[in-house]
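# Summary of the model geometry
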Amino acid sequence: MRMFAPLPDRPEFRVDGTPDDDAALIAWVEGATVEEWHESERTGVVTLSMRVKWWWRRTRRVLR
């Protein structure tokens, strides 16, 4: 029996060296979704609200 439930936003991907795997891992580390990460990479814009949302997602994992 596990003490803690798995994190709900944990990325699920196979590590086979594709760019999608890298994007999923980088986005998860930053606290973003893959779609948010691709949008920030495409536009080069990261707003304050995005930073706050990403910070909260990272902090929530640590606080668990």
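Residues numbered from 1 in each chain as written. Predicted model: local features only at pLDDT ≥ 70, side-chain atom pairs only at ≥ 80, totals over all residues. Heavy atoms only, no water.

### Re the overall build of the chain
Of regular secondary structure, the chain possesses three helices and zero strands. For the chain, the succession of helices and strands along the chain, N to C, is α-α-α. Per-residue burial for the chain yields a buried fraction of 22% across its 64 residues. Taking as baseline every contact in the chain between residues at least 6 positions apart, the subset at least 24 positions apart corresponds to 37%. Surface accessibility of the chain: about 5,300 Å² in total, with carbon and sulfur atoms responsible for 61%. (Helix = DSSP H or I, 4+ residues; strand = E, 2+ residues; numbered from the N terminus. Buried < 20%, exposed > 50% of the residue type's maximum accessible area, 1.4 Å probe, protein only. Contact = heavy atoms within 4.5 Å. Areas by Shrake-Rupley, 256 points an atom, 1.4 Å probe, with all protein chains shown as cover.)

### Focus on the confidence of the model for the chain
Predicted coordinates in regions of low pLDDT should not be interpreted in detail. Mean pLDDT over the chain works out to 77, with 70% of the residues at or above the 70 mark. Ranking the elements of the chain by mean pLDDT puts helix α1 (residues 19-30) last, at 79, and helix α2 (residues 34-43) first, at 88. (pLDDT = per-residue confidence, 0-100.)

### What about α2?
Those residues of α2 lying buried are Glu36, Trp37 and Ser40. The buried residues of α2 occupy one face: seen down the axis, they fall within an arc of 100 degrees. Among the exposed residues of α2, those oriented more than 90 degrees off its buried face are Glu35 and Arg42. Looking one or two places after α2, you find glycine 44, whose phi comes out positive at around 75 degrees. (Arc of directions from axis to C-beta.)

### A few points about the nonpolar core
Formed by Ala27, Ala32, Trp37, Met50 and Trp54, the largest nonpolar core amounts to five residues. Excluding residues that lie within four positions of it along the chain, alanine 27 makes contacts with Ala32, Thr33, Val34 and Trp37. (Core = buried A, V, L, I, M, F, W, Y, C linked by side-chain atoms within 4.5 Å.)

### Notes on the pattern of salt bridges
On inspection of all chains with the given rule, the structure shows three salt bridges. Here arginine 42 and glutamate 39 are joined by a salt bridge, their closest N and O atoms 2.8 Å apart. Separated by three residues within a single helix, arginine 42 and glutamate 39 lie in helix α2, roughly one turn from each other. Residue class for glutamate 39 comes out partly exposed when judged on its relative accessible area of 36%. (Salt bridge = Lys/Arg side-chain N within 4 Å of Asp/Glu carboxyl O.)

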